[in-house]
Amino acid sequence: MTDALIVIDMQNDFCPGGALGVTGGDVIVDDINARMSAFGAMILTQDWHPAGHSSFASSHPGAKPMDVTDMPYGPQVLWPDHCVQGSAGARFHDQLDTDRADMIIRKGYNPSIDSYSAFFENDRETPTGLHGYLQTRGITALTMVGLALDFCVNFSAVDAARLGYDVRVETSLSRGIDVNGSMDAALAGMRAAGVALI
Ligand code: VGL
Ligand code: ZN
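Summary of the structure given here. Small disclaimer: the values here were computed from a predicted structure and weren't measured.

Rules used throughout
- Residues numbered from 1 in each chain as written.
- Chains lettered and ligands numbered in written order.
- Predicted model: local features only at pLDDT ≥ 70, side-chain atom pairs only at ≥ 80, totals over all residues.
- Heavy atoms only, no water.
- Helix = DSSP H or I, 4+ residues; strand = E, 2+ residues; numbered from the N terminus.
- Areas by Shrake-Rupley, 256 points an atom, 1.4 Å probe, with all protein chains shown as cover.
- Lys, Arg positive; Asp, Glu negative; His and termini not counted.
- Charge placed at Lys NZ, Arg CZ, Asp CG, Glu CD.
- Donors = N, O, S within 2.8 Å, 3.2 Å for Na, K, Ca; no water.
- Tetrahedral: all angles 85-135°; square planar, octahedral: opposite > 155°, others 65-115°.
- 1 Å grid on protein atoms, 1.4 Å probe; cavity = no way out; pocket = protein on both sides within 12 Å on 5 of 7 lines; lining within 4 Å.
- Points joined across faces, edges and corners; volume = space filled by probe spheres on them.
- Nonpolar A, V, L, I, M, F, W, Y, C, P; charged D, E, K, R; others polar.
- Pairing = 2+ DSSP bridges.
- Near = heavy atom within 4 Å.

Our next topic: the overall build of the protein. The number of helices and strands found in the protein is four helices and eight strands. Going residue by residue from the N terminus, the α and β elements of the protein occur as β-α-β-β-β-β-α-β-α-β-α-β. On the principal axes, the C-alpha backbone points of the protein span a range of 50 × 35 × 30 Å. Split by element, the accessible area of the protein, about 8400 Å² in all, is 50% carbon and sulfur. One finds the centroid of the 12 positive side-chain charges in the protein at a distance of 4 Å from the centroid of its 24 negative side-chain charges.

Dropping the structure here:
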């Protein structure tokens with residue numbers, strides 16, 4: 001049995017100075033690198049949106065960032081333009097040790113659906129393929145770190161727990177956006193799903 005470290009969205013746009021910068025998002029990079037050698041598998045996720053993505057406030061006339069809109073799949077926070085495919089903001093943080101990754105999974109490339117989770121798009125049913133990858137490698141235990149704790153880490157951890165993985169989130173190696181109480185809701189939701197918060 002192999003356990004995997006899943007490093008979520010450690011990209012320039014989620015670090016201070018980026019389009020959707022998370023406070024302290026960059027200070028965790030060295031400690032994340034230091035954790036990598038403790039795992040049998042190392043996976044990175046990368047938020048990867050086409051220009052004009054439906055999760056961008058700029059794609060909705062009259063909307064501003066952090067507004068919430070109704071999408072066919074449910075409520076969706078509208079974000080500043082971020083992690084546009086091929087842009088500097090979409091690149092991993094310069095100090096992240098990407099050479100150690102076995103696998104890089106991109107998400108959010110579907111123009112009409114956002115994808116917080118590394119497992120499913122925000123309709124909660126369109127798979128990214130990560131579950132199949134982990135299953136074929138025999139991986140059953142997952143540790144998650146990265147950005148943002150209340151969105152992509154949260155959704156990934158809850159989906160993984162639902163899929164039957166043994167899931168831990170190392171909160172000291174993660175930072176959140178905290179919009180409209182999202183941090184408290186995320187921590188409560190992860191605990192309720194059986195995710196171990198370390
Ligand atoms: C994320 C908002 C929009 C994240 C990605 O990585 O948590 N948050 N896209
Ligand atoms: Zn995004």
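Here the zinc ion (ligand 2) is held by Asp47 (OD), His49 (NE2) and His82 (NE2), and the distances to it run 2.0 to 2.2 Å. Here the zinc ion (ligand 2) is ringed by four donor atoms whose angles at the metal span 88 to 167°, and the overall shape comes out irregular. In primary sequence terms, the donor set of the zinc ion (ligand 2) follows D-x1-H-x32-H. Residue Asp47 is found in strand E2 (residues 41-47), and its partner His82 is found in the loop between strand E4 (74-77) and strand E5 (103-107); the two are separated by 35 residues along the sequence.

Our focus in this paragraph is the layout of surface pockets. By rolling a water-sized probe across the atoms, one finds the places where empty space is left. As a volume, the largest pocket reaches approximately 360 Å³. Lining of the largest pocket is provided by 20 residues; of these, Pro75, Val77, Tyr116, Phe151 and Phe155 occupy positions nearest its centre. Secondary structure elements with two or more residues in the lining of the largest pocket: E4, helix H3 (149-162) and helix H4 (182-192). The class makeup of the residues in the lining of the largest pocket is eleven nonpolar, seven polar and two charged.

The next subject is the sheet that holds strand E7 (residues 166-175). Within the open sheet, the six strands sit side by side as E5-E2-E1-E6-E7-E8. Their pairing is parallel. One side of each edge strand has no neighbouring strand; the edge strands of this open sheet are E5 and strand E8 (196-197). Taken together, the seven bridges between strand E1 (residues 2-8) and strand E6 (residues 139-147) define a ladder with parallel strand orientation. By the bridge assignment, Val7 is partnered in E6 with Val145.

For the structure on display, the rule yields one cavity of 30 Å³ or more. Lining the largest cavity are 16 residues, with Phe14, Asp47, His82, Tyr116 and Cys152 sitting closest to its centre. Of the residues belonging to the lining of the largest cavity, the class tally is nine nonpolar, three polar and four charged.

The environment of ligand 1 is made up of Asp9, Phe14, Leu20, Asp47, Trp79, His82, Tyr116, Leu147, Ala148, Phe151 and Cys152. Surface burial for ligand 1 is 100%, taken as the share of its 260 Å² of free accessible area covered by protein chains. Across the shell around ligand 1, the residue classes tally to eight nonpolar, one polar and two charged.

Here we take up unusual backbone geometry. Omega for the bond connecting Leu147 with Ala148 falls within 30 degrees of zero, at -15°, which places this linkage in the cis form. Within the element layout of this structure, Ala148 appears in the loop between E6 and H3. Of note, Asp9 is a non-glycine position whose phi angle comes to about 50°, a positive value. Here Asp9 shows up in the loop between E1 and helix H1 (29-35).

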